[in-house]
Amino acid sequence: MGQIRRINFWFGGVVAPTLSQIVRWVLKPDEKMAAIGITHPWVCGHSSSVSTDVFLQLFNLEKKLIIGSISPNDFCKKCIEALGLELPEVELINSISLNIPIRPDVYSLLSVLASKFHLGLICDYPPDWYQRIASKNNLETFFPKERVIFTTEFQATEPYFDLLKKMLFLGSIMPEESLLIDANPNRNRAAIFLSINVSTFVDIRRLRRDLVLWGLL
Amino acid sequence: MMILTQKLHFLSEGDFYPLNITDPVQSVVNSSGVKKGQVLIYYQHTTGAIAIIEHECGIMVDLEDVLERLAPLKGDYYHHRRGYDQNGAAHVRTAILNVSVILPIDGGRMMLGEYQEIVMIDFDPGLKTRTVIVQVIGE
């Protein structure tokens, strides 16, 4: 394995919650799953909070927002409709963009990694929302503007090859010199096919262990 | 003796979609209060499996490669002649792997090895939710 020179993070699901997760948390928290300690973004409790159909609707809306085929306002409007609520879109937008929790454990790790590697970010949130979050949390310290790619610039994020190639191009690095940290198995598979090194994100404990195994921590 | 049965539903994007479900399963064990016993993890579909495996991306791709050689996605399957669905590969892959695993519990924790994880793998095409039944037995 070559020396890793650049570590790229996918934003939703790693640094911050996924978009559909944050919508569910904000609008219809799943008390049933939370009661037994399960808050993972891909777990659908089938509780009275969110039915399977709505769960899948939110996920499909998230996919459209990620590639920019619907606007943030439309995304919020359709999420609110899907959940059967009456709420102005701007209220959901503000809840999402002003209150998104950055994972503190990942944030701490960013501080450590930034001192040793160049970090890049693939952001699947709309640029406006990300700018608010980044300002509030000083994310530019880790991810300078020139090292942030927004997925909304790409119309096709499956199988993500164009996006990943741009990530490499921006860093002027070989795929073998890059590590991608992402929670999504499909994106990770695409990265491996491009010879990019990958760590599938589950939680900070597993990520730290993986980074030790890669010799990066 | 306590028996707790919990259904967990996971989002899958399909087509060899591996999901690490170790922590949600441990949460169910925790909620049962069982300190010594066993947990059964059962995938309630005919087109996916439960694997105890190191959840490393390279291993997932390797496993997918092997399954593709044994049961190629675009293979010609007699199952398809029924005309109802085109997921013959998914059924064959499931039959080769396990739909359930049983793990021992001690001190309220599943006795997984350091790099062992519980990974649910959905082979069926398409976006959907999948059901895993977790049954904890013990005291």
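Before reading on, note that the structure itself is shown above.
Procedures and definitions
Position numbers for residues count from 1 along each chain, tracking the sequence in the order it is written. Think of it this way: whatever chain is written first is A, whatever ligand is written first is 1, and the rest follow in order. This being a predicted model, a pLDDT of at least 70 is required before a residue's local features are given, and a value of 80 or more before pairs of side-chain atoms are given or counted; all residues contribute to the totals for chains, interfaces and linings. For the side-chain quantities, the full set of heavy atoms in the structure was used; hydrogens and water were omitted. Counting from the N terminus, the helices are the DSSP runs of H or I reaching at least four residues and the strands are the DSSP runs of E reaching at least two. As a reference, a globule follows 2.2 Å times the number of residues to the power 0.38, and the radius of gyration itself is taken over C-alpha atoms. What makes two residues a contact is simply this: any of their non-hydrogen atoms within 4.5 Å. By nonpolar core we mean a set of buried residues, namely Ala, Val, Leu, Ile, Met, Phe, Trp, Tyr and Cys, connected to one another through side-chain atoms within 4.5 Å. Exposure is judged per residue with a 1.4 Å probe applied to protein chains only, and the accessible area is read against the type maximum: over 50% gives exposed, under 20% gives buried, and values in between give partly exposed. Each salt bridge in this description consists of a side-chain nitrogen of Lys or Arg and a carboxyl oxygen of Asp or Glu lying within 4 Å of one another. Residues adjacent in sequence count toward polar contacts only when both atoms are side-chain atoms; beyond that, a polar contact is any pair of N or O atoms within 3.5 Å, and within protein one must be able to donate a hydrogen and the other to accept it. Gly falls in the polar group here, along with every residue not listed as nonpolar (Ala, Val, Leu, Ile, Met, Phe, Trp, Tyr, Cys, Pro) or charged (Asp, Glu, Lys, Arg). Without a salt bridge and with relative accessible area above 30%, a residue can belong to a patch; like charges are then joined within 9 Å and nonpolar side chains (Val, Leu, Ile, Met, Phe, Trp, Tyr) within 5 Å. Surface accessibility in these figures is a Shrake-Rupley result with a 1.4 Å probe; residues are shielded only by whichever protein chains are displayed. Any Phe, Tyr or Trp ring, taking Trp's six-membered ring, that has another such ring centre within 6.5 Å forms a pair; planes under 30 degrees apart are called stacked, those over 60 apart edge-to-face, and the others tilted. Either the NZ atom of lysine or the CZ atom of arginine qualifies as a charge over a ring when it sits within 6 Å of the ring centre and within 35 degrees of the ring normal. Two strands pair if DSSP finds at least two bridges between them. Axes here refer to lines fitted to C-alpha atoms; in helices the fit is confined to the stretch in contact. Angles between the N-to-C directions go from 0 to 180 degrees. Note on terminology: angles under 35 degrees are roughly parallel, angles over 145 are roughly antiparallel, angles of 65 to 115 are roughly perpendicular, and the others are oblique.

Asker: So, the overall build of chain B: which residues are in play, and what are the values?
Answerer: Looking only at helices and strands, chain B has three helices and eight strands in total. For chain B, the succession of helices and strands along the chain, N to C, is β-β-α-β-β-α-α-β-β-β-β. For chain B, whose C-alpha radius of gyration is 16 Å, the value lies close to the compact-globule estimate of 14 Å for 139 residues. Summarising the internal contacts of chain B: among those between residues at least 6 apart in sequence, 82% fall at separations of at least 24.

Asker: So what's going on with the nonpolar core? Which residues, and what values?
Answerer: Judged by nonpolar contacts, the single largest core of 59 residues is most densely connected at Ile7(A), Phe9(A), Phe11(A), Phe75(A), Tyr125(A), Tyr130(A) and Phe143(A). For this core, the leading source of residues is helix α3 (residues 52–66) of chain A, giving eight residues. When neighbours within four sequence positions are excluded, Phe9(A) is seen to be in contact with Val14(A), Val15(A), Leu110(A), Leu113(A), Leu119(A), Gly120(A), Leu121(A), Ile122(A), Phe143(A) and Ile181(A). Of all hydrophobic cores here, the second largest spans 22 residues; its members include Phe10(B), Ile50(B), Ile105(B) and Ile118(B).

Asker: I'd like to hear about the interface of chain A and chain B, residue by residue, with values.
Answerer: On the chain B side, the residues contacting the 30 residues of chain A number 29 residues. Joining chain A to chain B, the criterion identifies five salt bridges. Ionic pairing is found between Arg189(A) and Glu64(B), a salt bridge with its closest N-O pair at 2.7 Å. Our count for the chain A to chain B interface comes out at eight residue pairs in polar contact (both at pLDDT 80 or more). Secondary-structure elements contributing two or more residues to the side of chain A that touches chain B are β2 (43–44), α3, α9 (185–193), β6 (197–200) and α10 (204–213) of chain A. A class-by-class count of the residues in the side of chain A that touches chain B yields 15 nonpolar, ten polar and five charged.

Asker: Describe a nonpolar patch on the surface, and please don't skip the residues or the numbers.
Answerer: All names here are of chain B. Nonpolar side chains collect at one region of the surface, where Val 66, Leu 70, Val 92 and Ile 96 lie side by side and expose about 320 Å² of accessible area between them. Of all the elements in the fold, those that place two or more residues in the nonpolar patch are α2 (57–70) and α3 (88–96). Relative to the assigned elements, Leu 70 resides in helix α2.

Asker: So what's going on with the packing of aromatic side chains? Residues and values would help.
Answerer: All names here are of chain A. All chains considered together, the criterion is met by eight aromatic pairs over all chains. Judged by centre distance (6.5 Å) and plane angle (75 degrees), the ring pair of Phe 142 and Phe 143 falls under edge-to-face. When its relative accessible area of 1% is taken as the criterion, Phe 143 is described as buried. One Lys or Arg, Arg 187, reaches over the ring of Trp 10 and ends 3.6 Å from the middle of that ring.

Asker: Give me the lowdown on the environment of Pro185(A), citing residues and values where you can.
Answerer: Within the secondary structure layout, Pro185(A) lies in helix α9. Look at Pro185(A) and you get buried, because its relative accessible area is 10%. As a C-alpha pair, Pro185(A) and Cys123(A) span 62 residues in sequence and 17 Å in three-dimensional space. Other than its neighbours up to four places away in sequence, Pro185(A) contacts Tyr17(B) and Pro18(B).

Asker: Pulling in residues and values, what's your account of unusual backbone geometry?
Answerer: The phi dihedral of Ser195(A) is positive, around 70 degrees, even though this residue is not glycine. Assignment of secondary structure puts Ser195(A) in the loop between α9 and β6. For Ser195(A), a relative accessible area of 37% corresponds to the partly exposed category. We note that Asp15(B) has phi near 60 degrees; this positive angle belongs to a residue other than glycine. Checked against the element boundaries, Asp15(B) lands in the loop between β1 (2–12) and β2 (17–20). With relative accessibility at 34%, the residue Asp15(B) sits in the partly exposed group.

Asker: Hey, could you go over the sheet that holds strand β4 (residues 148–150) of chain A for me, with residue numbers and the actual values?
Answerer: All names here are of chain A. What the five strands build is an open sheet, ordered β4-β3-β1-β5-β6; its pairing is parallel. Here the strands that pair on one side only, and so sit at the sheet edges, are β4 and β6. Strand-to-strand twist of the sheet, defined as the mean angle between neighbouring strand axes without regard to direction, takes the value 20 degrees. Inspection of the sheet shows strand β1 (residues 6–10) paired to strand β3 (residues 118–123) by five bridges, in the parallel sense. Looking at β3, one finds that Trp 10 is bridged to Ile 122.

Asker: I'd like a rundown of the packing of α9(A) against α2(B), residues and numbers included.
Answerer: At their nearest, the axes of α9(A) and α2(B) sit 10 Å apart, and the two run at 85 degrees to each other. Relative to α2(B), the element α9(A) is oriented roughly perpendicular. For the pair α9(A) and α2(B), the contacting residues are Asn188(A), Arg189(A), Ile192(A) and Phe193(A) in the first and Cys57(B), Gly58(B), Val61(B) and Glu64(B) in the second. Here the residues of the contact of α9(A) with α2(B) are counted per class, giving four nonpolar, two polar and two charged.

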